[in-house]
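Read off the chains here:
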Amino acid sequence: MPKITPAHEAEVRTRIAAAALRVVARRGYRRATVQDVVHESGLSVGAIYTHFKGKDDLFLVTCDRLAEQGLADLAALLAGGRSTAHKLAIAVRFFVDTIDVHDGAPGQITLVQAWAEADQEPGVREMLVRRRERLVAASQMLIREGIARGEVPAWIDVEGVTRGFTALLDGLMLQRIEAGDGYRPDENERRARAMLELLLAASPERPELPTA
């Protein structure tokens, strides 16, 4: 019997998670089943339960992985930012670009299904809170860096601004759903950039928000 390597285990787990995301995006959290993931992934029921305890564990871990991967990919892009304004523009572009699809898989739009279940599913609510806190922490780090560099006014309420702006971005995700086939990503990006320009206009240096 061939030896199962950690790399193989990780590959199978990733395959299952990707299949679960597609299932949730198509059927919704409540209607999705482990059997759906079996069909979508081409793996056996045993393979699914080897890596996940059950439906709740599978879908919650998958959504967590989606959030973690998004933050990791964004961090890599921000490393090339020339200024706070440039990094903010990169972050907005990344958010808009990954609403529908991210790295070939369903994007952040999948989380809308989770929001719909959060009131009835404590585990889902906790997962969404973890996502929110990670986003806010990353945003606060970026804004505080801007304050230290004199690119963002020091009197800014960092906690209020970052939580407000992350809420705005998620609101733009809902507008994407409302728009349906008429959705225009550039319009969502323009709206988010307009709010960032207000923030930067309060700085003594009034830095211009560049194109990401």
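I will try to describe carefully the structure that is included in this document.

### A short note on the environment of Thr14
1) Next: Tracing the chain through its elements places Thr14 in helix 1 (residues 6-27).
2) Next: Here Thr14 falls in the partly exposed class, since its relative accessible area comes to 41%.
3) Next: When the C-alpha atoms of Thr14 and Arg65 are compared, they prove to be 9.3 Å apart, with 51 residues separating the residues in sequence.

### What to know about the nonpolar core
1) Next: Among the nonpolar cores identified, the biggest contains 28 residues, and Ile16, Val37, Leu58, Phe59, Val124 and Met127 are the most heavily contacted of them.
2) Next: When contributions to this core are tallied by element, the ones reaching two or more residues are helix 1, helix 2 (34-41), helix 3 (45-51), helix 4 (55-78), helix 6 (111-117) and helix 7 (122-148).
3) Next: The leading source of residues in this core is helix 1, at seven residues.
4) Next: Setting aside residues up to four positions removed in sequence, Phe59 forms contacts with Ala20, Val24, Tyr29, Ala32, Thr33 and Val37.
5) Next: One finds Val92, Ile99, Tyr183 and Ala192 within the second-largest nonpolar core, a separate group that totals 23 residues.

### Focus: the side chain of Arg131
1) Next: As for its placement among the helices and strands, Arg131 is situated in helix 7.
2) Next: Its relative accessible area of 4% is what places Arg131 among the buried residues.
3) Next: Setting aside its immediate chain neighbours within four residues, Arg131 contacts Ala67, Phe95, Gln108, Leu111, Trp115, Asp170 and Met173.

### Remarks on helix 5 (residues 84-97)
1) Next: Here helix 5 contains 14 residues, and its C-alpha end-to-end distance of 20 Å stays within 8% of the 20 Å for a straight helix at 1.5 Å per residue.
2) Next: By the criterion of burial, helix 5 is predominantly enclosed, with eleven of the 14 residues buried.
3) Next: For helix 5, the set of buried residues is Thr84, Ala85, His86, Lys87, Leu88, Ala89, Ile90, Val92, Phe94, Phe95 and Val96.
4) Next: Contacts from the buried residues of helix 5 go to helix 4, strand 1 (101-102), helix 7, helix 8 (158-179) and helix 9 (185-201).

The rules behind each value
- Residues numbered from 1 in each chain as written.
- Predicted model: local features only at pLDDT ≥ 70, side-chain atom pairs only at ≥ 80, totals over all residues.
- Heavy atoms only, no water.
- Helix = DSSP H or I, 4+ residues; strand = E, 2+ residues; numbered from the N terminus.
- Buried < 20%, exposed > 50% of the residue type's maximum accessible area, 1.4 Å probe, protein only.
- Core = buried A, V, L, I, M, F, W, Y, C linked by side-chain atoms within 4.5 Å.
- Contact = heavy atoms within 4.5 Å.
- Expected span 1.5 Å × (residues − 1).

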